[in-house]
Structures are given as C-alpha cells and as structure tokens.
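Residue-level listing of the chains:
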Amino acid sequence: MNDELEKLKGDVKLPLRVIIKRTLKYISSEKGGFILSLLLLGLNVVLDSISPLFTSRITDELVQDNINIKLILNLVLLSFALTCINQAFLYLNARTLQNSGQRIIYRLRREIFEHIENMSLNQFNEMPVGSLVTRVTSYTASMSDLFTGVLVRILRDITTLVGVYVIMFVISPSLATSLLGVIAVVFAISYVFSKIVRGFFRKERACISDINTFLNDPAVEVMYVVVPTGDHCRVARQCLEAGKHVMCEKPMAKTYEEAKAMCEAAERTGKKLSIGY
C-alpha cells in the first residue's frame, strides 16, 4: 500500500535510462531548435576559447621595447568585435531555447492535465492534493529549467573545458598535464556533492507536496507558521492567500515592510492573522 501511495505521489525513483528516453521524446519534437542552439553554442565556445589569445598577444606586445601601437589597436578592435558577435550568438541561443522550451512545457502540461482528467475518482481519494499541485507547477517548472538552461549549460561547460585544454596543450603541454589532476579532484567532489544534494532535494519535494496538500485541503482552516523569522512574511502570505487563518510565532517579521505586507494580505483575504500565540 505504501509503495502504491509513493507511486501516486510521484516519489518512485526511475532508472536513468528511462529518464533519458522520456526526455529525448520531448527534445525530438523540437530538434530543429536544439540543433540551431548547438551550432550557436559551438560558435560561442570557439570565440570564448580564442579571446584570451588576443589578451595574451596584447600583453606580450606591451612589454616590448618598441611598442607597436597600431597592432595593439587592431587587436583591441578585433577583440571587441568578436565580443559583440559572441554576445549576439548568446542572445540568439537564449531566444531559440526559450521558444523551444516553452513549446515543450506547453505540450507537457497538456499531457499532465489530460492524464489527471482521465484518472478515476478512487485515485483522487488516495493521492494527496499537494502531489497533484506540485506535479503541475513545481515539476513542470523544473522541466522548463532543464530544457532552457541546464542542458545547454552542461554542453557549454564540457565543450569549453575541452576547447581550453586543447589550446593549453598546444601552448604548454606540461602545464596542461599537471592541471588534469585538479580537474579529476573537482569531478570527484562534484559527484559526491550531487549525491548529497539529491537526497535533500527529494526531501524538499516531499515537504512542498505536504504543504500544498494542507493549503488545498478545505478541512484545514488554520495554519501555524513556525519557520525562521525571515520566512514568516512569505509563508504567512501564502497561507492567507490560500484561504487559511494564520497563527504566526513571534517576532512577526524581520522588517516593518514585511509585517505590513502580512497585515495587508490578511485584510485583502478577509482572514485572521494572529501573532505570538
């Protein structure tokens, strides 16, 4: 029974192969936009990799006895032009990804709503309301970040790292070889950190699901706010706007503006706000 409830809440861990297969299904529908984005990304990485060479050449020229002002000015202008072109590539890349990502999220949310509408009433009785709200809002927002930012940042960082190391091996093979050890240590730390963060992220999703369950449950009329003072305003306003009375611990808020916002939210929603119960 508990396993079935966890499955309904969406807390079952899927194999990586299944996750990648499902993700590629949505990417394939927007493959044109992603291919264009990868091309722009490649051009951006190339320009980022060669930009330090201009700085190095200018620095070497400045330490010479006979400084070639004309050469330095030409290098500066060329570097500035490449920077402008690079920023244009970044802008086009961001626009392309946003358009493709938003179309994917639109399709994903339609499928979620259609799935929810086709669910039986018994499933609604067993599934916490907060899980439904979290799936439609938080999960789809995370997927939007994945398609519009995370995938591109990963590819960009990998290709930039490879490009920089190729240039370093050309300039100084011994220095590039010695730095490989540092990269290995960074990858090891990142792997351990990702394992730790993944567990906390699952706990955070479970807490958000529980909060949404309480906020959307008509049987719950009063919410007790017992969180750090800096979060009193945000949590209390969220509860008030969800139609719940709020009992908040002291101190009311960190600033006068936050306390005023809490009072205004109570007046606007017509719900009671109690401090220092």
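Residues numbered from 1 in each chain as written. Predicted model: local features only at pLDDT ≥ 70, side-chain atom pairs only at ≥ 80, totals over all residues. Heavy atoms only, no water.

### Remarks on the overall build of the chain
Now for step 1: The helix and strand tally for the chain stands at nine helices and three strands.
Now for step 2: In sequence order, the chain lays out its α and β elements as α-α-α-α-α-α-α-β-α-β-α-β.
Now for step 3: When each of the 277 residues of the chain is scored for burial, the buried share is 26%.
Now for step 4: Once local pairs closer than 6 in sequence are excluded, the contacts in the chain between residues at least 24 apart make up 69%. (Helix = DSSP H or I, 4+ residues; strand = E, 2+ residues; numbered from the N terminus. Buried < 20%, exposed > 50% of the residue type's maximum accessible area, 1.4 Å probe, protein only. Contact = heavy atoms within 4.5 Å.)

### Some words on the pairing of strand β1 (residues 222-225)
Now for step 1: Here β1 shows one buried face, formed by Met 223 and Val 225, and one open face, formed by Val 222 and Tyr 224.
Now for step 2: Where β1 meets strand β2 (residues 245-248), four bridges bridge the pair, whose relative direction is parallel. Pairing of Tyr 224 across the sheet is with Met 247, part of β2.
Now for step 3: In this region the chain leaves β1, passes through helix α8 (residues 232-241) and returns to the parallel neighbour β2; the handedness of that crossover is right-handed. (Pairing = 2+ DSSP bridges. Right-handed = clockwise from strand over helix to strand, strands pointing away.)

### Here we look at the pairing of β2
Now for step 1: Side-chain alternation along β2 places Val 246 and Cys 248 on a buried face and His 245 and Met 247 on a face that remains uncovered.
Now for step 2: Relative to strand β3 (residues 273-275), β2 runs parallel, the two being bridged by three bridges. Residue pairing across strands places Val 246 opposite Leu 273, the latter belonging to β3.
Now for step 3: On the question of chirality, the crossover connecting β2 to the parallel β3 by way of helix α9 (residues 256-269) is right-handed.

### Some thoughts on a nonpolar patch on the surface
Now for step 1: Together, Leu 53, Ile 154, Ile 158, Val 162, Val 166, Val 170 and Ile 171 line one region of the surface with nonpolar side chains, adding up to about 670 Å² of accessible area.
Now for step 2: Among the elements that take part in the nonpolar patch, helix α6 (residues 129-171) stands out by supplying six residues, more than any other. (Patch = residues over 30% accessible without salt bridge, like charges linked within 9 Å, V, L, I, M, F, W, Y side chains within 5 Å. Areas by Shrake-Rupley, 256 points an atom, 1.4 Å probe, with all protein chains shown as cover. Salt bridge = Lys/Arg side-chain N within 4 Å of Asp/Glu carboxyl O.)

### Some remarks on the nonpolar core
Generally speaking, soluble globular proteins have nonpolar side chains that are buried together.
Now for step 1: Core analysis: the biggest nonpolar cluster contains 18 residues, and Val 225, Cys 239, Val 246 and Met 262 have the highest contact counts within it.
Now for step 2: Where this core is concerned, the elements lending two or more residues are β1, α8, β2 and α9.
Now for step 3: Core analysis: the second largest hydrophobic core is formed by 15 residues, Ile 105, Met 119, Val 136 and Phe 147 among them. (Core = buried A, V, L, I, M, F, W, Y, C linked by side-chain atoms within 4.5 Å.)

### A closer look at unusual backbone geometry
Now for step 1: Cis geometry is adopted by the peptide bond preceding Pro 251, which originates at Lys 250 and carries an omega value of -10°.
Now for step 2: Structurally, Pro 251 can be placed in the loop between β2 and α9.

### Let's talk about the sheet that holds β2
Now for step 1: Taken in spatial order, the three strands of this open sheet run β1-β2-β3, and their pairing is parallel. Either end of the sheet is taken by a strand with one partner, and the two such strands are β1 and β3. For this sheet, the mean angle separating the axes of adjacent strands, direction not counted, is 15°. (Axes fitted to C-alpha atoms, helices over the stretch in contact; angles between N-to-C directions.)

### Here we look at the packing of helix α2 (residues 16-28) against helix α4 (residues 69-117)
Now for step 1: Packing of α2 against α4 leaves a shortest axis separation of 10 Å and a crossing angle of 120°. Our classification of the angle between α2 and α4 gives oblique. Crossing of α2 against α4: the hand is right-handed. Residues Lys 25, Tyr 26 and Ile 27 of α2 pack against Ile 104, Arg 107, Leu 108 and Glu 111 of α4. (Parallel < 35°, antiparallel > 145°, perpendicular 65-115°, else oblique. Left-handed = near helix turned anticlockwise from the far one by under 90°.)

### Digging into the pattern of salt bridges
Now for step 1: Scanning the entire structure with this criterion turns up four salt bridges.
Now for step 2: The partner of Arg 107 in a salt bridge is Glu 111, with the nearest N and O atoms 3.3 Å apart. Taken together, the residues Arg 107 and Glu 111, both in helix α4 and four residues apart, mark about one turn of the helix.
Now for step 3: With relative accessibility at 29%, the residue Arg 107 sits in the partly exposed group.

### Quick notes on the environment of Asp 157
Now for step 1: In this structure, Asp 157 sits in helix α6.
Now for step 2: Sequence spacing of Asp 157 and Val 45 is 112 residues, and the spatial spacing of their C-alpha atoms is 8.8 Å.

### Focus on α9
Now for step 1: For α9, which comprises 14 residues, the first-to-last C-alpha distance of 20 Å matches the rise-based estimate of 20 Å (1.5 Å per residue) to within 8%.
Now for step 2: Taken together, the buried residues of α9 touch α8, β2 and β3.
Now for step 3: Note on α9: the residue one or two positions beyond its end, Gly 270, has a positive phi of about 75°. (Expected span 1.5 Å × (residues − 1).)

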